[in-house]
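Fold and contact review
Here is what each chain is made of, one letter per residue.
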Amino acid sequence: QKEVEQDPGPLSVPEGAIVSLNCTYSNSAFQYFMWYRQYSRKGPELLMYTYSSGNKEDGRFTAQVDKSSKYISLFIRDSQPSDSATYLCAIAKTSYDKVIFGPGTSLSVIP
Amino acid sequence: DAGVIQSPRHEVTEMGQEVTLRCKPISGHDYLFWYRQTMMRGLELLIYFNNNVPIDDSGMPEDRFSAKMPNASFSTLKIQPSEPRDSAVYFCASNGRDLPNEQFFGPGTRLTVL
């Protein structure tokens, strides 16, 4: 079993839609949860960072962690064409441990 | 800051040739990571360094791959001999202490082995 799994998509939505991206992980030892965004032919960049369970909101983006079910989500409200990218969830056991990335979900927001 | 710098951006080589990829991390960052990304396998960690010392190289696929970090501002990933299955995008990333898990990625090197 892979340590973190993610639906690869692709996911295509109309502009303005609410997008839900999800990952599951296998080991309850993971404490740090991140979402990275990767535009085509670019390196990934950190989008959201959360520690332990709960929600974190940043503008149109909300990250949600449910440690009891080992499930992490990213919600995008009022999606824009500029949100078209691949979104990778990432997990780590400690703040200085290696980060394990999910395979990524490709998102297209159609104008 | 210029961000993480990688060179070359594109490399096309023939099977059996030696390939050297280069990385300059962000100044002051003491962790450096090498990743490989393919459609089939996603983003895989190959090796990472802390203060120029290799910490975990369990992701290095085989002895054909080697990585060095002779000083805080330079690292290399070498493949010798290269094979077609090594074709991928290779990313270097670094992070510092402000937000330890926030890795700053370079633009990547797109490697094609014919």
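Description of the structure in this document. (Residues numbered from 1 in each chain as written. Chains lettered and ligands numbered in written order. Predicted model: local features only at pLDDT ≥ 70, side-chain atom pairs only at ≥ 80, totals over all residues. Heavy atoms only, no water.)

**As for the overall build of chain B**
The helix and strand tally for chain B stands at zero helices and eleven strands. For chain B, the spread of C-alpha atoms along the principal axes amounts to about 40 × 25 × 25 Å. Here chain B, with 114 residues, has 50% of them falling under the buried criterion. Carbon and sulfur atoms provide 50% of the accessible area of chain B, an area that totals close to 5,600 Å². With 11 positive and 14 negative side-chain charges, chain B shows a spacing of 3 Å between the two charge centroids. (Helix = DSSP H or I, 4+ residues; strand = E, 2+ residues; numbered from the N terminus. Buried < 20%, exposed > 50% of the residue type's maximum accessible area, 1.4 Å probe, protein only. Areas by Shrake-Rupley, 256 points an atom, 1.4 Å probe, with all protein chains shown as cover. Lys, Arg positive; Asp, Glu negative; His and termini not counted. Charge placed at Lys NZ, Arg CZ, Asp CG, Glu CD.)

**With respect to unusual backbone geometry**
Cis geometry is found at the peptide bond from Ser7(B) to Pro8(B), where omega equals -10°. The residue Pro8(B) is located in the loop between β1 (5-7) and β2 (10-13) in this model. With omega at -5°, the peptide bond leading from Gln80(B) into Pro81(B) counts as cis. For Pro81(B), the location among the structural elements is in the loop between β8 (74-79) and β9 (88-95). Its identity as a non-glycine residue notwithstanding, Arg41(A) has a phi of 60°, on the positive side. On the secondary structure map, Arg41(A) appears in the loop between β4 (32-38) and β5 (45-51).

**Focus: the nonpolar core**
Side chains of a nonpolar character, in soluble globular proteins, are inclined to be buried together. The biggest cluster of nonpolar side chains holds 25 residues, and the ones touching the most others in it are Trp35(A), Ile72(A), Leu74(A), Tyr87(A) and Ile91(A). The set of elements that each furnish at least two residues to this core consists of β3 (19-25), β4, β5, β7 (61-66), β8 (71-76), β9 (85-92) and β11 (105-110) of chain A. Formed by 21 residues, the second largest nonpolar core is a distinct cluster that contains Trp34(B), Phe49(B), Met69(B) and Ile79(B). (Core = buried A, V, L, I, M, F, W, Y, C linked by side-chain atoms within 4.5 Å.)

**Some words on the interface of chain B and chain A**
Opposite the 20 residues of chain B that make contact, chain A presents 19 residues. Both sides of the chain B and chain A interface together cover about 1,700 Å² of buried area, and 54% of this is carbon and sulfur. For chain B, the biggest contributors to the area lost against chain A are Leu43(B), Asn101(B) and Phe105(B); these three give 32% of the whole. Between the two partners, chain B and chain A, sit one salt bridge. The closest approach of N and O atoms between Asp56(B) and Lys98(A), which form a salt bridge, is 3.1 Å. The interface formed by chain B and chain A contains three residue pairs in polar contact (both at pLDDT 80 or more). Among the secondary structure elements, those contributing two or more residues to the side of chain B that touches chain A are β4 (31-38) and β5 (42-50) of chain B. In the side of chain B that touches chain A, the residues fall into ten nonpolar, five polar and five charged. (Contact = heavy atoms within 4.5 Å. Buried area = accessible area lost by both parts, 1.4 Å probe. Salt bridge = Lys/Arg side-chain N within 4 Å of Asp/Glu carboxyl O. Polar contact = N/O pair within 3.5 Å; in protein donor to acceptor, adjacent residues only side chain to side chain. Nonpolar A, V, L, I, M, F, W, Y, C, P; charged D, E, K, R; others polar.)

**Section: the environment of Gly16(B)**
Residues and elements named next belong to chain B. Residue placement: Gly-16 occurs in the loop between β2 and β3 (19-24). Along the sequence, Gly-16 and Leu-114 sit 98 residues apart, while their C-alpha atoms lie 9.4 Å from each other. When near neighbours in sequence (up to four residues on either side) are disregarded, Gly-16 contacts Gln-80, Pro-81 and Ser-82.

**Observations regarding the side chain of Gln6(A)**
Residues and elements named next belong to chain A. Here Gln-6 shows up in strand β1 (residues 4-6). Since its relative accessible area comes to 8%, Gln-6 is described here as buried. At a separation of 2.6 Å, a polar atom in the side chain of Gln-6 contacts the main-chain carbonyl oxygen of Tyr-87. At 2.9 Å, the side chain of Gln-6 and the backbone nitrogen of Gly-104 are in polar contact. Those residues in contact with Gln-6 that sit more than four places away from it in its chain are Asn-22, Cys-23, Trp-35, Tyr-87, Leu-88, Cys-89, Gly-102, Pro-103, Gly-104 and Thr-105.

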